[in-house]
Amino acid sequence: MKNSFSFITKHISWKYVLLLVILIYILLLTVPYLPHKSVSEAHKEKAAATKYYSDTVGTERISYITDNTDALLYRLSMIEEAKDSIILSTFDFNDDQAGQDILASLLNAAKRGVNVRVIIDGISGFMDVQHNPWFLALDAHENAQVHIYNPVNLLKPWDMQARLHDKYLIIDDTMYMLGGRNTMNLFLGNYSKGKNIDKELFVYETADIDKKSNSTGTSLSQLQAYFESVWNSSDSKPCRGSRTGKKTSEKAAALEKRYEELQTQYPEAFKKQNWEEKTFPANRVTLLNNPIQSANKEPWMWYSLHQLMMSGDQVTIYTPYIICGKEMYEDLSQLTGNNVSVEIITNDVAKGANPWGCSDYLNEKEKIWDTGVKVYEYMARHSCHTKAVLIDDRMSIVGSYNLDMRSTYLDTELMLAVDSPELNALIRKEAEHDKTFSKTMENGEYIYGENYKTKELSTGKKIFYATLRQIIKPIRRFL
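Residues numbered from 1 in each chain as written. Predicted model: local features only at pLDDT ≥ 70, side-chain atom pairs only at ≥ 80, totals over all residues. Heavy atoms only, no water.

Draft legend 1. Structural detail: the pairing of strand β22 (residues 445-448). Where strand β21 (residues 438-442) lies against β22, four bridges are found, and the strand directions are antiparallel. Bridged to Lys-439 within β22 is Tyr-448. With antiparallel pairing between neighbouring strands as the criterion, β21 and β22 make up a hairpin whose turn holds two residues, including Asn-443 at a positive phi of roughly 55°. (Pairing = 2+ DSSP bridges. Helix = DSSP H or I, 4+ residues; strand = E, 2+ residues; numbered from the N terminus.)

Draft legend 2. Summary view of the confidence of the model for the protein. For the protein, the mean per-residue pLDDT works out to 92, and 92% of the residues sit at or above 70. Segment residues 211-215 is flagged for pLDDT under 50; beyond a separation of four residues in sequence, or across chains, it makes four contacts in the model. (pLDDT = per-residue confidence, 0-100. Contact = heavy atoms within 4.5 Å.)

Draft legend 3. Highlighting the layout of surface pockets. The volume enclosed by the largest pocket comes to roughly 980 Å³. Going through the elements one at a time, α2 (14-30), α13 (355-370), β16 (383-384) and α14 (405-410) are the ones with two or more residues in the lining of the largest pocket. Of the pockets and cavities examined, the second largest pocket occupies roughly 620 Å³. When contributions to the lining of the second largest pocket are tallied by element, the ones reaching two or more residues are α3 (41-49), α8 (219-231), β11 (284-289) and α11 (300-310). Counting residues per element, the lining of the second largest pocket draws most heavily on β11, at six residues. When its residues are assigned to classes, the lining of the second largest pocket shows 10 nonpolar, 12 polar and three charged. (1 Å grid on protein atoms, 1.4 Å probe; cavity = no way out; pocket = protein on both sides within 12 Å on 5 of 7 lines; lining within 4 Å. Points joined across faces, edges and corners; volume = space filled by probe spheres on them. Nonpolar A, V, L, I, M, F, W, Y, C, P; charged D, E, K, R; others polar.)

Draft legend 4. Expanded view of the environment of Lys-251. Turning to its location among the elements, Lys-251 is positioned in helix α9 (residues 246-265). Taking relative accessible area as the criterion, Lys-251 reaches 24% and is therefore assigned partly exposed. Linking Lys-251 and Ile-427, residues 176 residues apart in sequence, is a C-alpha distance of 40 Å. Beyond its immediate stretch of four places on either side in the chain, Lys-251 contacts Pro-133, Trp-134 and Ala-137. (Buried < 20%, exposed > 50% of the residue type's maximum accessible area, 1.4 Å probe, protein only.)

Draft legend 5. Structural detail: the nonpolar core. Core analysis: the biggest nonpolar cluster contains 51 residues, and Ile-86, Ile-102, Leu-106, Val-116 and Val-118 have the highest contact counts within it. Ranked by the residues each element gives to this core, the list is headed by helix α5 (residues 97-111), at eight residues. What Leu-106 contacts, discounting residues up to four positions off in sequence, is Ile-79, Ile-86, Leu-88, Val-116, Val-118 and Leu-138. Formed by 42 residues, the second largest nonpolar core is a distinct cluster that contains Ile-317, Val-375, Tyr-401 and Leu-479. (Core = buried A, V, L, I, M, F, W, Y, C linked by side-chain atoms within 4.5 Å.)

Draft legend 6. View of the pairing of strand β6 (residues 175-179). The buried fraction of β6 amounts to five of the five residues, a majority that puts the element mostly inside the structure. Relative to strand β8 (residues 200-205), β6 runs antiparallel, the two sharing five bridges. Residue pairing for β8: Met-177 is matched across the bridge by Phe-202.

Draft legend 7. Here's a closer look at the sheet that holds strand β3 (residues 115-121). The strand order across the open sheet built from nine strands is β9-β4-β3-β2-β5-β6-β8-β1-β10, with neighbouring strands paired in mixed fashion. Unpaired on one side and paired on the other, β9 (236-238) and β10 (280-281) mark the two borders of the sheet. Summarising the sheet, strand β1 (residues 60-65) and β8 pair through six bridges and their orientation is antiparallel. Paired with Ile-65 across the two strands is Glu-200, which belongs to β8. Together, β3 and β4 (144-149) form the strand contacts of helix α6 (residues 122-129), whose direction differs from that of β3 by roughly 100°. (Axes fitted to C-alpha atoms, helices over the stretch in contact; angles between N-to-C directions.)

Draft legend 8. The pattern of salt bridges, seen in detail. As enumerated under the stated definition, the model contains 21 salt bridges in all. Taking the shortest distance from any N to any O, the salt bridge between Asp-139 and Arg-243 comes out at 2.5 Å. Here Asp-139, found in helix α7 (residues 133-139), pairs with Arg-243, found in the loop between β9 and α9; they are 104 residues apart in sequence, far enough to count as distant. Given a relative accessible area of 12%, Asp-139 falls into the buried group. The salt bridge partner of Glu-432 is Lys-435, with a shortest N-O separation of 2.9 Å. With Glu-432 and Lys-435 both in helix α15 (residues 421-435) and three residues apart, the pair spans about one turn of that helix. According to the relative accessible area criterion, Lys-435 is buried, its value standing at 14%. Residues joined by salt bridges that share partners form a network here, namely Asp-360, Glu-364, Lys-367 and Arg-476. (Salt bridge = Lys/Arg side-chain N within 4 Å of Asp/Glu carboxyl O.)

Draft legend 9. Local environment of the sheet that holds strand β18 (residues 395-399). Strand order in the open sheet made by the nine strands is β11-β20-β18-β17-β12-β14-β15-β21-β22, with mixed pairing throughout. Looking along the sheet, the strands with just one partner apiece sit at the ends: β11 and β22. Direction aside, neighbouring strands of the sheet carry axes that sit 20° apart on average. Taken together, the three bridges between strand β15 (residues 374-378) and β21 define a ladder with antiparallel strand orientation.

Draft legend 10. Geometry of the side chain of Asn-94. Within the secondary structure layout, Asn-94 lies in the loop between β2 (85-90) and α5. Contact partners of Asn-94, with chain neighbours within four places excluded, come to Gly-99, Asp-128, Phe-135, Thr-183 and Met-184.

Draft legend 11. Seen up close, the environment of Lys-37. Mapping Lys-37 onto the fold places it in the loop between α2 and α3. Residue Lys-37 is classed as partly exposed on the basis of its relative accessible area, which comes to 42%. On a C-alpha basis, the gap between Lys-37 and Asn-150 in space is 21 Å, while along the polypeptide they are 113 residues apart. Contact partners of Lys-37, with chain neighbours within four places excluded, come to Asn-296, Lys-297, Glu-298, Pro-299 and Tyr-409.

Draft legend 12. Spotlight on a nonpolar patch on the surface. A cluster of nonpolar side chains, contributed by Ile-123, Phe-126 and Met-127, occupies part of the molecular surface with about 330 Å² of accessible area. Residue class for Phe-126 comes out exposed when judged on its relative accessible area of 53%. (Patch = residues over 30% accessible without salt bridge, like charges linked within 9 Å, V, L, I, M, F, W, Y side chains within 5 Å. Areas by Shrake-Rupley, 256 points an atom, 1.4 Å probe, with all protein chains shown as cover.)

Draft legend 13. Spatial organisation of the state of the cysteines. For the coordinates displayed, the defined rule picks out zero disulfides. For the unlinked cysteine Cys-384, the closest cysteine sulfur is that of Cys-358, found at 13 Å. Among the residues examined, Cys-384 registers a relative accessible area of 9% and is labelled buried. (Disulfide = S-S within 2.5 Å.)

Draft legend 14. View of the packing of helix α4 (residues 68-81) against α5. At their nearest, the axes of α4 and α5 sit 9 Å apart, and the two run at 10° to each other. As the angle between them shows, α4 and α5 are arranged roughly parallel. Contacts from Leu-72, Arg-75, Leu-76 and Ile-79 of α4 reach α5 at Asp-101, Ile-102, Ser-105, Leu-106 and Ala-109. Across the contact of α4 with α5, the residue classes break down as six nonpolar, one polar and two charged. (Parallel < 35°, antiparallel > 145°, perpendicular 65-115°, else oblique.)

What follows is the structure in structure tokens.
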């Protein structure tokens, strides 16, 4: 045995052993998610039975939130009015100014007896939340719990791909907000020059919900049931860290002080709100979701979106970036082949905030164009983070789903399908405006909107993207 070990150490360089270990780790990280799954017949039958349209007005009223400061004020007002329960799910949660605003409001709600539950994705949990005294100050209160979805575990690389990408806030049995905004300065308030522009929906229930009846007739009850399934799953773990340390106590005191400051800084958020005046009616609101387990997923969301798009004549898709696989390309081609007019509004590479998505678009744009869709490359002051689908003049779908393989096969995702001509008209008006800030390929040449302003990539960025375009090719399905 000793002689065998001596032979190995003499004839095999340790750098090759290290390389082998790295390759094995990469295999464990990726192989469980190969190949892409297809949707089961059972889910297809369930999806076919779902009703997305109604000829009568429903009990849920909506408003459309497009401004980052309004998004923060809505959250503060909602939390302030909570009497029984608050549920917050977010992909990213930072302890910056906007994050502290939300934490301060949540801690105050817990102190007045509201049951507060927060769940955050494992990546943000690993980088921002675990052992962080700001979040532990909230979790330390007896009425508050902070959980991490699928915490990062380097010893279990096969679990690391699937992420919690949902973003919503539920208050009692009364209202919720859902969209694509993370809980941080980039998306909430006016605390930083850099911003991401996003869209989300506020939904207000005007009828009493009898929880004992297990009603699934409203999107609010659907979202509550969805959250409970995630919260009670084996992937949901308590936040780690000391609740009794000096730093945690100091941050709790700082959050109490911040709550007092908020009332002076944003007095309108602490007034009694007339939610009916702030909202307008919708015929039907339906929750769309992916499977919740941290595993290779059936593409429930993309299947539902594709089926809805196939029922229309004209489709407009908002997505921050596009990373399609073979099956998604085929579905886009099927849409245009069935005479559905499809246009996609996505960030111009010079403005995009996601380098992976920008690099893949440079590699794949001809394939995207070949499906027959018309792509508007959007160039404005801030990067667009909006995820939405418009179908004809009634259906609007808004939420967290990006047009990429990660959102299709790996992550949890939520979208609201809303039958509302009024909402559809609002978003379509924005889309027409955004097209004027875009360029689009027609007959082999770019056509520029009247407000499009060319921004040249710096030499450094050109070199960066040229390098990244090669690196991402074997891993693009995981971006």
